[in-house]
Structures are given as structure tokens and as C-alpha cells.
Amino acid sequence: MQGVELAARFSIATNRLKYCGPEDAEPALFRTIVEGKDLEASRTALLRFEALEPYLTAIAAKHGLDPLDHDVVEAYWIGNELLEDFTREDFRGILEVLTRRGLPRTMADAFAAHLPQRPLPHHTFHVSYVGVGNVTGHVKTTLPNMEACRASWARVLQVSKDRLEVEKPALAYARGRISIGPAARETVAYDPRMLPRVRKGDHVALH
């Protein structure tokens, strides 16, 4: 799978909901996923996603790769060795770009001043530390919205026409800390044109 398609798969749902990315991106992203077409149009659109491009560009620059190289995209959405060795200074550079994309300067300065020892340029770190919705302002930073926005994993229990019953863990909050809670059953929407071969027992990524 090419990096553009992998990025499109993780990005299309939030674009359909008008949460991020250019308003006209969804048709090209869909054709890239289902037909392997419109790769250049999808590439252009993906690099206009407000909170996505700064991370892809930073990961790519650190390793001499293209922002939509498969390994770069995988690093941001799923995680791999390209995330190792990122420093606080590296992440402050990402925050600086995010301010130009909409993140309020006061937030960026507060985040930069309190970064953990090893900040990760990963989507889950963005959701839980920078905060879902803080760049675009389209959604509030709440635990349910963080759970809906984070890329998560699940095991398929049942497949129906446009729904999957899955078993997946969810974010939990207690004593001022966010953690991953126990797995539970949940029903999620899916497009069978994008996952035509999904079966009971498969593991899937959700976003």
C-alpha cells in the first residue's frame, strides 16, 4: 500500500465530517482508497490537512524521506522506528508550524514549556497532548472526542452491511491521568467498498 493511500484511509472520515482538511478532498481520497486513482490530487489535499502535514513533514525531514512515504505515514498513524530520537526541540518546531495552522499561540507556548522528555510526533500524542480540535477549532477537546479521534485497534466480532461489531479498548481518565482502559464491545460504521474482505476475527484500525 502506498503512503498516500494509507494516509487517505486514516484521513477520509474526519474530512467527510468537515473537521479537517480542504472541503473538496473527500472524492479524491475515496478514489485513491477504492480504485488506486487520483494519487496526486490526494497527495495535494493531504498536505493541506491542518494538523497532519506538520507532523509528516517533521518526520520526513528528520529521516530524509518524502512526507507521504509509506514509512512516514505509518510512523504518524500507527508507529514505527522513525519516531525514535525525536527531541523536545524537534517537537517545538512542530508546535511552531501548528500555530501557523490555527493553534493558539498561548496554547503552543504552554505545551512547549511542559513537554515530556520524549515527545512523539504520533497522532495519539497529538490528540492527547496538543488536544483534538485545538488547531482547527471545529470540535471541543473532551475525552469522548479524543477517543473518537485517536487511531485505535480492534478485533472484529461480527460483520453486517455497514457496521462492524468490534472489541476494542477505550481511553479512560482517572486521578488526572489518561490511560487505555479494558477492551469492550462497540459497534462502528464502516464502508464495505473500503474494506471488502473484512471478516470476523480480523484486526482493524479505526479512526
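You'll find the structure just up there.
Residues numbered from 1 in each chain as written. Predicted model: local features only at pLDDT ≥ 70, side-chain atom pairs only at ≥ 80, totals over all residues. Heavy atoms only, no water.

### Examining the packing of aromatic side chains
Quick reminder of the rule: Paired rings are identified among Phe, Tyr and Trp, the last through its six-membered ring, by centres lying within 6.5 Å, and are further divided according to the angle between planes into stacked (under 30 degrees), edge-to-face (over 60) and tilted (the rest). What counts as a helix is a DSSP run of H or I of at least four residues, what counts as a strand is a run of E of at least two, and both are numbered from the N terminus. Only protein chains enter the accessibility calculation, which uses a 1.4 Å probe; a residue is then buried when its area is under 20% of its type maximum, exposed when over 50%, and partly exposed in between.
Inspection of every chain in the model, using the stated rule, returns seven aromatic pairs. With centroids separated by 4.9 Å and ring planes inclined at 5°, the aromatic side chains of Phe 10 and Trp 77 adopt a geometry described as stacked. Placement of the pair is Phe 10 in helix α1 (residues 3-16) and Trp 77 in helix α5 (residues 70-77), with a sequence separation of 67 residues. Of the two residues, Phe 10 and Trp 77, neither departs from the other in class, the shared state being buried. These aromatic residues form a ring-pair network of at least three members: Phe 10, Tyr 55, Tyr 76, Trp 77, Phe 91, Phe 111, Phe 125 and Tyr 129.

### Topic: helix α7 (residues 105-113)
Condition: The arc in question is the one traced by the directions running from the helix axis out to the C-beta atoms. Whether two residues touch is decided by their heavy atoms; if any such pair falls within 4.5 Å, the residues are in contact.
What α7 keeps buried is the set Ala 108, Phe 111 and Ala 112. Viewed end-on, α7 has its buried residues packed into an arc of 100°, placing them on one side of the element. Exposed side chains of α7 directed beyond 90 degrees from the buried face belong to Thr 106 and Ala 113. Packing partners of the buried residues in α7 comprise α6 (88-101) and α8 (123-131).

### Considering the packing of α6 against α7
Note the cut-off: Structural elements are reduced to axes, namely lines fitted to C-alpha atoms, with helices fitted over the stretch in contact, and the angle between N-to-C directions of any two is expressed from 0 to 180 degrees. Just so you know how the angles are binned, under 35 degrees is roughly parallel, over 145 roughly antiparallel, 65 to 115 roughly perpendicular, and the rest oblique. Note on residue classes: Ala, Val, Leu, Ile, Met, Phe, Trp, Tyr, Cys and Pro are nonpolar, Asp, Glu, Lys and Arg are charged, and everything else, Gly too, is polar.
At a minimum axis distance of 9 Å, the contact between α6 and α7 shows a crossing angle of 175°. As summarised for this structure, α6 and α7 are arranged roughly antiparallel, according to the angle between their axes. Where α6 abuts α7, its residues Arg 92, Leu 95, Glu 96 and Thr 99 lie against Arg 105, Ala 108, Phe 111 and Ala 112. Tallied by class, residues from the contact of α6 with α7 come to four nonpolar, one polar and three charged.

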